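Chain by chain, the residues run as shown.
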Amino acid sequence: MDVSQFFSPQAGRLIKAPRNSAASFTIGDVVRHRMFDLRGVVFDIDPVFANSEEWYAAIPEAIRPAREQPFYHLLAENDDGSYVAYVSQQNLVEDSKAGPVDHPSVDQIFEPWEEGRYRLRRRLTH
């Protein structure tokens, strides 16, 4: 397997990941969690788990996701408010039909909601 490395500020270390990864979602997609009441818009993707060991250990073992899959950074919302979430691919499903996400940071990163998704603001793209 062809391997690459990147530094994860959340984990505080280098992370090894396959050079090619199969992400099901892209930046700007709206998703919801399969088990918990949250939905959000993807603003970053890690090819494998790249958060702290403490964060991973805090997930109950019975529902702890595999590390070797994409993990998504979301501008998330639920009935309690808005926050940033880090969710494994196996726990997400597409949710654009439910409309835009009501998170205060969406307008800073994305253009207005259009055709069932968000697009990055031009100044944030390469």
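The structure this text deals with has already been given above.
Residues numbered from 1 in each chain as written. Predicted model: local features only at pLDDT ≥ 70, side-chain atom pairs only at ≥ 80, totals over all residues. Heavy atoms only, no water.

A. Region of interest: the layout of surface pockets. Counted as a void, the largest pocket has a volume near 310 Å³. Taken together, 16 residues line the largest pocket, and the ones lying closest to its centre are H33, F36, W55, I59 and Y86. Among the elements that make up the lining of the largest pocket, the one with the highest residue count is strand β6 (residues 81-88) (four residues). (1 Å grid on protein atoms, 1.4 Å probe; cavity = no way out; pocket = protein on both sides within 12 Å on 5 of 7 lines; lining within 4 Å. Points joined across faces, edges and corners; volume = space filled by probe spheres on them. Helix = DSSP H or I, 4+ residues; strand = E, 2+ residues; numbered from the N terminus.)

B. Summary view of the sheet that holds strand β4 (residues 39-46). Across the sheet, which stays open at both edges, the five strands sit in the order β6-β5-β4-β3-β7 with antiparallel pairing between neighbours. Where the open sheet ends on each side, the last strands, each with one partner, are β6 and β7 (92-94). Between one strand axis and the next, the sheet turns through 40° on average, direction left out of account. As judged from the three bridges shared by strand β3 (residues 30-33) and β7, these two strands associate in the antiparallel manner. (Pairing = 2+ DSSP bridges. Axes fitted to C-alpha atoms, helices over the stretch in contact; angles between N-to-C directions.)

C. The arrangement of the pattern of salt bridges in detail. Taken as a whole, this structure holds six salt bridges when the rule is applied. In this structure, R117 and D29 form a salt bridge, with 3.1 Å as the shortest nitrogen-oxygen distance. With a gap of 88 residues between them, R117 in the segment after α2 (106-109) and D29 in the loop between β2 (13-18) and β3 connect regions that are remote in the sequence. In this structure, R117 and D29 share a single accessibility class: buried. Across the pair D95 and R32 runs a salt bridge whose closest N-O atoms are separated by 4.0 Å. Of this pair, D95 sits in the loop between β7 and α2 while R32 sits in strand β3; the two residues are 63 residues apart in sequence, bridging distant segments of the chain. Here the salt bridges share partners, and the residues they tie into one network are R32, R39, E77 and D95. (Salt bridge = Lys/Arg side-chain N within 4 Å of Asp/Glu carboxyl O. Buried < 20%, exposed > 50% of the residue type's maximum accessible area, 1.4 Å probe, protein only.)

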